[in-house]
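# Descriptive analysis of the structure
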Amino acid sequence: MKRAVALTAVLSLAVLAAPPASAAPAPRLAPPASSPGPDLGRRTLPANDGWAAEGPGTTGGAAAPAANVHTVSTRTGLAAALAAPSPKIIYIRGTVGTDRTCADYTTGGYTLDAYLAAYDPAVWGRDTEPAGPLEDARAASAARQTANIKLKVGSDTTIVGLGKDATIRGVNLHVDKADNVIIRNITFEDTADCFPQWDPTDGVEGNWNSLYDNISVTGSTHVWADHNTFTDGDNPDSGQPLYFGRPYQVHDGQLDITGGSNHVTASWNRFAGHDKTMLIGSTNNPAADSGKLKVTVHHNHFDNALQRLPRVRFGQVHVYNNYYEVPDASAFVYALGVGVQSQIFAENNFFRLGRAVDPATLIYNWGGTSLTTRGNVLRVGGKVTPIDLVAAHNAVNDPDLGADAGWTPTLHTGVDPAESVRLSVSQHAGAGHAR
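Residues numbered from 1 in each chain as written. Predicted model: local features only at pLDDT ≥ 70, side-chain atom pairs only at ≥ 80, totals over all residues. Heavy atoms only, no water.

This part is about the overall build of the protein. When helices and strands are counted, the protein shows 9 helices and 32 strands. Taking 22 Å as the expected radius of gyration for a compact globule of 435 residues, we find that the protein reaches 22 Å, a close match to that expectation. Oriented by its inertia axes, the alpha-carbon framework of the protein measures out at about 65 × 60 × 40 Å. Partitioning the intrachain contacts of the protein with sequence separation of at least 6 by distance along the chain shows that 75% fall at a separation of at least 24. Counting only carbon and sulfur atoms, one obtains 53% of the accessible surface of the protein, whose full area is about 16,800 Å². Of the side chains in the protein, 33 bear a positive and 41 a negative charge, and the two mean positions are spaced by 6 Å. (Helix = DSSP H or I, 4+ residues; strand = E, 2+ residues; numbered from the N terminus. Rg over C-alpha atoms; globule rule 2.2 N^0.38 Å. Contact = heavy atoms within 4.5 Å. Areas by Shrake-Rupley, 256 points an atom, 1.4 Å probe, with all protein chains shown as cover. Lys, Arg positive; Asp, Glu negative; His and termini not counted. Charge placed at Lys NZ, Arg CZ, Asp CG, Glu CD.)

This is the structure:
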């Protein structure tokens, strides 16, 4: 481990050595309007707005005839609308959620107490994953929950919230092997797994693993997730108990993009109070993901989110003009995860850190080799200064990361000065602010 350099030295290096940011002449205090249309359901992704604008762009269900326009306020209504012909527009009114409880899914004699007793490391050991009747019962119970809460989203679909209070609670939207999907203006809340699986072989101490994201994008192309809010509501990760000395993790990602997905833009969303937030690429196997996972992440508010902001494998991922708010060092893990063959280009982001948060933890090396960072700024204790994120990481970590991701993004709208990001994103990101 290298001896840490003073933070002031890293900040000075950022001023002297960082390349000039591709900033617009003046800050944009609100997102640009999308293409013309009578309402949000007919809006399309603006030209050049990130990787989802590649080729034909992303129009979702904007061309839907009147017969393919649905307004839903229940889980049953949402499932029926998703199964209807495309192109389609689905409006979310009020709160859409499941009316079932964990007890409704439980089968085979599963109880958490029995599961804990059977697979306690003191009894089961730490060398093999759980197996036997109670694990079978857990898996069967989980399958019943999956059948109810995982809803598939097909091609040429727009799902958009009406007003400022549209919410999807306890449901996993799965954009699977689809093309041309838009999801906007919705609060996604608490997609909790009733039956997390214990894996004593996951890491040194073992881990509890859950199944469901709020939005899962797998094997899909041209997806735009915009002006959504992601939250665990009244069931935060921080409130979960410890079992076997590890957090009982009932949530997975908030917006995960995996399985060879490509050409995705995530813009003006708010990710709040969550652990594993955004995963881009789920394995180190290049067979499915090499040359794909091209994603743009811009003008999002990562509000006290703990890790994967995002974590990237393989993809060319443009991360710009995001607002990172990290008040507490006790639970924070990292912001940018540099995974195998990843090519992150992070520019003009605003990092607001509590005094105890070490800037060297903003990057974590998951087996990558390099990334480009430029024009980023750091606020600690009311003072805003430039920061060279790679230099801060390399000052206290081995091996060094290179400072060139090997590409320069061109598919984007104006990149705002980093100093303007905190105001614009905090005022305009999240559900209720789409135009």
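Here the focus is helix α6 (residues 133-149). With 17 residues, α6 should cover 24 Å at 1.5 Å per step; its first-to-last C-alpha distance of 24 Å lies within 8% of that length. Taken as a whole, α6 has its buried residues at L134, E135, A137, R138, S141, A142, Q145, N148 and I149. Seen along its axis, α6 keeps its buried residues to an arc of 160°; they face one direction. Turned more than 90 degrees away from the buried face of α6, the exposed residues are P133, D136 and A147. Packing partners of the buried residues in α6 comprise α2 (75-83), α3 (102-105), α4 (112-119), β4 (150-153), β7 (172-176) and β10 (197-199). (Expected span 1.5 Å × (residues − 1). Buried < 20%, exposed > 50% of the residue type's maximum accessible area, 1.4 Å probe, protein only. Arc of directions from axis to C-beta.)

Strand order in the open sheet made by the 10 strands is β1-β2-β5-β8-β13-β18-β21-β24-β27-β30, with parallel pairing throughout. Only two strands of the sheet have a single neighbouring strand rather than two, namely β1 (69-72) and β30 (372-374). Here the average twist between neighbouring strands, direction ignored, is 10°. Examined bridge by bridge, strand β5 (residues 157-161) and strand β8 (residues 179-184) share 4 bridges and lie parallel to one another. The residue of β8 that forms the bridge with V160 is R184. (Pairing = 2+ DSSP bridges. Axes fitted to C-alpha atoms, helices over the stretch in contact; angles between N-to-C directions.)

Pairs may arise between side chains of opposite charge once their charged atoms sit close together. Across all of its chains, the model carries 9 salt bridges by this definition. A salt bridge links D176 to K152; its shortest N-O distance comes to 3.5 Å. Of this pair, D176 sits in strand β7 while K152 sits in strand β4; the two residues are 24 residues apart in sequence, bridging distant segments of the chain. Among the ionic pairs, K177 bridges to D176, the shortest N-O distance being 3.5 Å. A single network of salt bridges, built from pairs that share partners, joins K152, D176 and K177. (Salt bridge = Lys/Arg side-chain N within 4 Å of Asp/Glu carboxyl O.)

A few words now on unusual backbone geometry. That bond from S86 to P87 is cis: its omega, 0°, falls within 30 degrees of zero. Following the sequence through the fold, P87 ends up in the loop between α2 and β2 (88-92). Note the cis peptide between D398 and P399, where omega equals -5°. By secondary structure assignment, the location of P399 is in the loop between α8 (389-394) and α9 (421-428). For F244, which is not a glycine, the phi torsion comes out positive at approximately 60°. Here F244 is to be found in the loop between β15 (242-243) and β16 (246-247).

To continue, consider the sheet that holds strand β31 (residues 377-380). Think of a sheet as strands paired side by side through backbone hydrogen bonds, with each pair either parallel or antiparallel. Pairing in this open sheet of 10 strands is mixed, and the strands run β3-β6-β9-β14-β19-β22-β25-β28-β31-β32 from one edge to the other. Both outer strands of the open sheet, β3 (95-97) and β32 (383-386), are each paired with one neighbouring strand and no more. Between one strand and the next, the sheet's axes are offset by a mean angle of 15°, whatever the strand orientation. Bridge count between strand β25 (residues 323-326) and strand β28 (residues 350-353): 4 bridges; the pairing is parallel. Across the sheet, the residue bridging to Y323 is F350, located in β28. Each of β22 (301-303), β25, β28 and β31 touches α9; the most contacted strand, β25, lies at about 85° to it.

Purely geometric numbers; function is a separate question.
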